[in-house]
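Chain by chain, the residues:
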Amino acid sequence: MKRLFFCITLFLVSIFFSIPSSGQQDVKYTVASIGFYNLENLFDTINNVELANSEEFTPEGSNKWTSKRYHEKLKNMAFVISEIATDVTPDGIAILGVSEIENRGVLEDLVKEDAIKMRNYQVVHYDSPDARGVDVGLIYQPKYFKVTNSRSHTLHMADTGFKTRDQLVVSGLLGSEMIHVIVNHWPSRRGGEKASRPNRNAAADLTRSIVDSLLVIDPNAKILVMGDLNDDPINPSVKDHLRGKGKEAELQPGDMFNPMFKLYKEGIGSLAYNDAWNLFDQIIISQGLLGPDKSTWKFYNAKVFSKNYMKQKEGAFAGYPLRTFAGGVYMNGYSDHFPVYVNLVKEVK
């Protein structure tokens, strides 16, 4: 039995894990947790007349979105974020991609919440052309991750009236190593899965082109594609267009590894609809994060974060994510999605 000793030097604490292996020597690792969370309509209370959904999220709007409700939402989301990955790192998630945010301001308000303000999360955000008025973004702890470059990529469709979220690319140093994070919120299934499928395939093609451009520069680039893809790991957008495959042993050059595939096959989901679970929220990684040589950052495991307090307790939707609103009723919940995250490990010499 070889004990993997996760010496979390970045986080100033040590945690023990044991897994079957050959050999006797303890191995020390640094751990970094990277995740994604759809924050479900994180809007402020100010009406932006240019955004389709903004009026709903005002004190006079249909959601009666008062300052009190806005700050309850911020507090709830920050509490969840404060707990993600704390089983392996006391400072929690180092990098978190997010979606369904109205603007930069709501993210800046979020990171000031008491539950997470001591982590000094910084914000990366660009406005998107999305018709519903929601963007993607990223927050990160600067003592672990240093941003060197960021860029927003727009999905251009033949139907020029179709507006969706941009794709955010953030590159930087995790410790001393360059990584690239691509944050997505692919087009919805509005109108039906089949009818809307070309939109998500097109979004996957854009993501794939970004991945390819990074791999041209560095064939061993460490890339994490994350987001609410509005498709499961088995759908064509993910497995064919993005080339996210679920079995590491079967990867071809250029393929990406999708650790969420195994979770999906086990019946684990990040959202529920019509009595069925989907795993739309995914983190898919390049082959530079795979392999037995852990002298550099390598993938260890993937998880869906779904504590009991984040779930509805009773009724027809018991066990579903506890939302902010359900059927037009204010629930003071969290999100209709559970967050997902991966743990990366690096051997300490």
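Residues numbered from 1 in each chain as written. Predicted model: local features only at pLDDT ≥ 70, side-chain atom pairs only at ≥ 80, totals over all residues. Heavy atoms only, no water.

Looking at the confidence of the model for the chain
And then number 1: Taken over all residues, the pLDDT of the chain has a mean of 92, while the share at 70 or more is 91%.
And then number 2: Per-element mean pLDDT across the chain ranges from 37 in strand 2 (residues 13–19) up to 99 in strand 10 (residues 223–228).
And then number 3: Note on residues 1–22: pLDDT is under 50 here. Beyond four places in sequence and across chains, it has 68 contacts. (pLDDT = per-residue confidence, 0-100. Helix = DSSP H or I, 4+ residues; strand = E, 2+ residues; numbered from the N terminus. Contact = heavy atoms within 4.5 Å.)

Thoughts on the packing of aromatic side chains
And then number 1: Scanning the entire structure with this criterion turns up 11 aromatic pairs.
And then number 2: Relative to Phe 145, the ring of Tyr 140 has its centre 5.7 Å away and its plane inclined at 85 degrees; by these criteria the two rings are edge-to-face. Summarising the burial analysis for this pair, Tyr 140 and Phe 145 share the class buried.
And then number 3: With centroids separated by 5.9 Å and ring planes inclined at 70 degrees, the aromatic side chains of Phe 257 and Phe 299 adopt a geometry described as edge-to-face. Remark: Phe 299 occurs in strand 16 (residues 298–304) and Phe 257 occurs in strand 12 (residues 256–257); sequence separation between them is 42 residues.
And then number 4: With relative accessibility at 16%, the residue Phe 299 sits in the buried group.
And then number 5: Sitting above the plane of the Tyr 330 ring, Arg 69 keeps its charged end 4.1 Å from the centroid. (Phe/Tyr/Trp six-rings, centres within 6.5 Å; stacked < 30°, edge-to-face > 60°. Buried < 20%, exposed > 50% of the residue type's maximum accessible area, 1.4 Å probe, protein only. Lys NZ or Arg CZ within 6 Å of the ring centre and 35° of its normal.)

Details of helix 1 (residues 67–83)
And then number 1: Over its 17 residues, helix 1 extends 25 Å from the first C-alpha to the last, a length consistent with the 24 Å expected when each residue adds 1.5 Å.
And then number 2: Of the residues making up helix 1, those classed as buried are Tyr 70, Glu 72, Lys 73, Leu 74, Asn 76, Met 77, Ala 78, Val 80, Ile 81 and Ser 82.
And then number 3: Where helix 1 is buried, its residues contact strand 3 (27–42), strand 4 (95–101), helix 2 (104–110) and strand 18 (329–330).
And then number 4: Two residues or fewer past helix 1, Ala 85 is found with a positive phi of approximately 70 degrees. (Expected span 1.5 Å × (residues − 1).)

Considerations on the side chain of Ser 171
And then number 1: Position of Ser 171 relative to the elements: it lies in strand 8 (residues 167–174).
And then number 2: Ser 171 gets classed as buried once you look at its relative accessible area, which sits at 9%.
And then number 3: With residues up to four places along the chain from it excluded, the contact list for Ser 171 reads Phe 145, Lys 146, Val 147, Thr 148, Asn 149, Met 178, Ile 179 and His 180.

Some words on the side chain of Asp 232
And then number 1: Inspection of the secondary structure puts Asp 232 in the loop between strand 10 and helix 4 (236–241).
And then number 2: Although Asp 232 lies buried, it forms no salt bridge, and the closest oppositely charged side chain, Arg 189, sits 4.6 Å away as judged by the N-O distance.
And then number 3: Side chain to side chain, Asp 232 and Asn 278 meet in a polar contact 2.8 Å long.
And then number 4: Leave out the neighbours within four places in its chain, and Asp 232 touches Arg 189, Val 238, Tyr 264, Asn 278, Leu 279, Phe 280 and Gln 282. (Lys, Arg positive; Asp, Glu negative; His and termini not counted. Salt bridge = Lys/Arg side-chain N within 4 Å of Asp/Glu carboxyl O. Polar contact = N/O pair within 3.5 Å; in protein donor to acceptor, adjacent residues only side chain to side chain.)

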